[in-house]
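Remarks on the overall topology
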Amino acid sequence: MKEKTKSITKNLPLLNLYIDDIEKICDVLKDVSSGDLTLETNTHEFNSIQELKEFLGNNTLKNLSIQSSSPYISIHLGGWCHGISASEENVTTLGVVAKLEELLLSRKRKFANFILKDYIVYLSPLVLAIVLVGILIALNVFNHLGLAYIIYIIYILLSVLFLPVVYIYKNKNLVNIFAVKKENKPSFFKRKKDEIVLVVITVVITAI
């Protein structure tokens, strides 16, 4: 009789990662791995982080896999397998997975993870349905008869339209990987300054 080997799987939230985070992940794996590391996206393989950085340029990467062969530990960033996995549960792999998880969770997108929680996603169409029915009642479009039924119908219609869009968006934006270090990345307002100014000017002109 032989006991089955247990594997490790850790799911990850939505993340913003930077090139120095990828370097840290690779360093953690190199400390325990006796083989080479593999870095790849859905379309490319990379021999080094420098190659990855050059490939990225000013773009944002939406998927990346980093794997060590011995022991086998894999970090899948983006896509349906977004998480950390190890083929065998032992003291070494548990320690490595814990380090990787701590590193990655420090880059969690707090606001995005909050608004995309399952219960908020499922409740949003219901809240919208109630608000919409309230507006229709205020406008005397219909009376209170069959109110619960109408809310239910609108909720179903909104859910059919809303939920697939949310989950497609979430799956495509599980991770953003930037080719710069975090301290070198300009803030949102600096990056979008021109667009924000243009929107403000347009609103002011329209109001006038």
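For the structure itself, look to the data block above.
These notes cover the structure that comes with them. (Residues numbered from 1 in each chain as written. Predicted model: local features only at pLDDT ≥ 70, side-chain atom pairs only at ≥ 80, totals over all residues. Heavy atoms only, no water.)

Within helix H2 (residues 49-56), the full set of buried residues consists of Ile49, Leu52 and Leu56. Each buried residue of H2 lies within a common arc of 55 degrees when the element is viewed along its axis, so the set occupies one face. Check the buried side of H2 and you find it contacts helix H1 (19-30), strand S3 (37-40), strand S4 (45-46), strand S5 (60-61), strand S6 (64-69) and strand S9 (175-178). Just downstream of H2 lies Gly57, where phi reads positive at about 60 degrees. (Buried < 20%, exposed > 50% of the residue type's maximum accessible area, 1.4 Å probe, protein only. Helix = DSSP H or I, 4+ residues; strand = E, 2+ residues; numbered from the N terminus. Arc of directions from axis to C-beta. Contact = heavy atoms within 4.5 Å.)

Our next topic: the sheet that holds S5. What holds strands together in a sheet is hydrogen bonding between their backbones, with the strands either parallel or antiparallel. Across the sheet, three strands lie side by side as S2-S9-S5; this open sheet has mixed pairing. Either end of the sheet is taken by a strand with one partner, and the two such strands are strand S2 (15-18) and S5. Here four bridges tie S2 to S9, and the two strands are oriented parallel to one another. Bridge pairing links Asn16 to Asn176 in S9. Running over the sheet, H1 touches S2 and S9 and is turned about 85 degrees from S2. (Pairing = 2+ DSSP bridges. Axes fitted to C-alpha atoms, helices over the stretch in contact; angles between N-to-C directions.)

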